[in-house]
Structure formats: C-alpha cells, structure tokens
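# Close look at the chain arrangement
Chain by chain, the residues:
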Amino acid sequence: MQKLITSIPDVFELRPKIFRDERGSFSETYHSVKYAELGITDTFVQDNQSISKKGTLRGFHYQLHKPQAKLCRVVQGEALDVAVDVRVGSPTFGKWAAVVLSAELQNQI
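Criteria and thresholds
Residues numbered from 1 in each chain as written. Predicted model: local features only at pLDDT ≥ 70, side-chain atom pairs only at ≥ 80, totals over all residues. Heavy atoms only, no water. Helix = DSSP H or I, 4+ residues; strand = E, 2+ residues; numbered from the N terminus. Core = buried A, V, L, I, M, F, W, Y, C linked by side-chain atoms within 4.5 Å. Buried < 20%, exposed > 50% of the residue type's maximum accessible area, 1.4 Å probe, protein only. Contact = heavy atoms within 4.5 Å. Pairing = 2+ DSSP bridges.

### Quick word on unusual backbone geometry
- Phi at Gln 106 takes a positive value of approximately 60°, unusual for a residue other than glycine.
- With respect to the element layout, Gln 106 can be found in the segment after strand S6 (96–102).

Below, the structure written as structure tokens:
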C-alpha cells in the first residue's frame, strides 16, 4: 500500500498493490496492520456502498459530536472526491484536497 499526502495533512490518497494476471486482478482493500504501519489507526466500523448516475453530486458529511474517519473508493468508473478542512483553528482551515478515485487504480481517500 502506498500513502500519498494531500494538501490537508489528515487526508491521504492510498494506492494498493494490484496483482493482475489473465484471470483478472486482486488487491487488498483494507488491512488494519498495514494501515497502522502507514500511521492510519482509525477504527472503521461501517462499510457502505452507493451507486450514482453520471453527473451526480453527493453531499458533504460533517459530524460535530460523533466524528468519523471515512475511507472511500470507486468500484466502477471514476469519481472526484473532495475533502474540506472545516476544523476551526486548524492550520489548513478552509483548504480543500481533491483526489480522482478510479476503479482502474483502486485508490482510496
């Protein structure tokens, strides 16, 4: 797993190792020990999937009292994922980071 830094220090792009052969491909989408080795020690407690038509804009999510770490990826096509730092007092407050997620790269944010 490769960890790429974005313009917001707590937002990362993750790129797994993809093993391809004539049958298709294999990659680990999550491995707690490998994530911890990258400094990502959040506990992921829920797994969701949504399917969107082309041109769909999904809303921003912000939890003030019960903050959640999020791990997003795309299983078909591509999507632009944008993170905005709304933490008052943060050195990157108001800044944003964007990553194009793609099924081909199998990358995550």
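Alright, that's what it looks like, and here's the rest.
### Thoughts on the nonpolar core
- Membership of the largest hydrophobic core is limited to 8 residues, which are Ile 8, Val 11, Val 74, Ala 83, Ala 97, Val 99, Leu 101 and Ile 109.
- No other element matches the 3 residues that S6 contributes to this core.
- Ignoring sequence-local partners within four residues, the contact set of Val 74 consists of Ala 79, Leu 101, Ser 102 and Ala 103.

### Comments concerning the pairing of strand S1 (residues 2–5)
- In this structure, S1 lies alongside strand S2 (residues 12–15), joined through 4 bridges in antiparallel fashion. When the sheet's bridge partners are listed, Lys 3 is paired in S2 with Leu 14.
- The turn joining S1 and S2, which pair antiparallel and follow one another in sequence, is formed by 6 residues.

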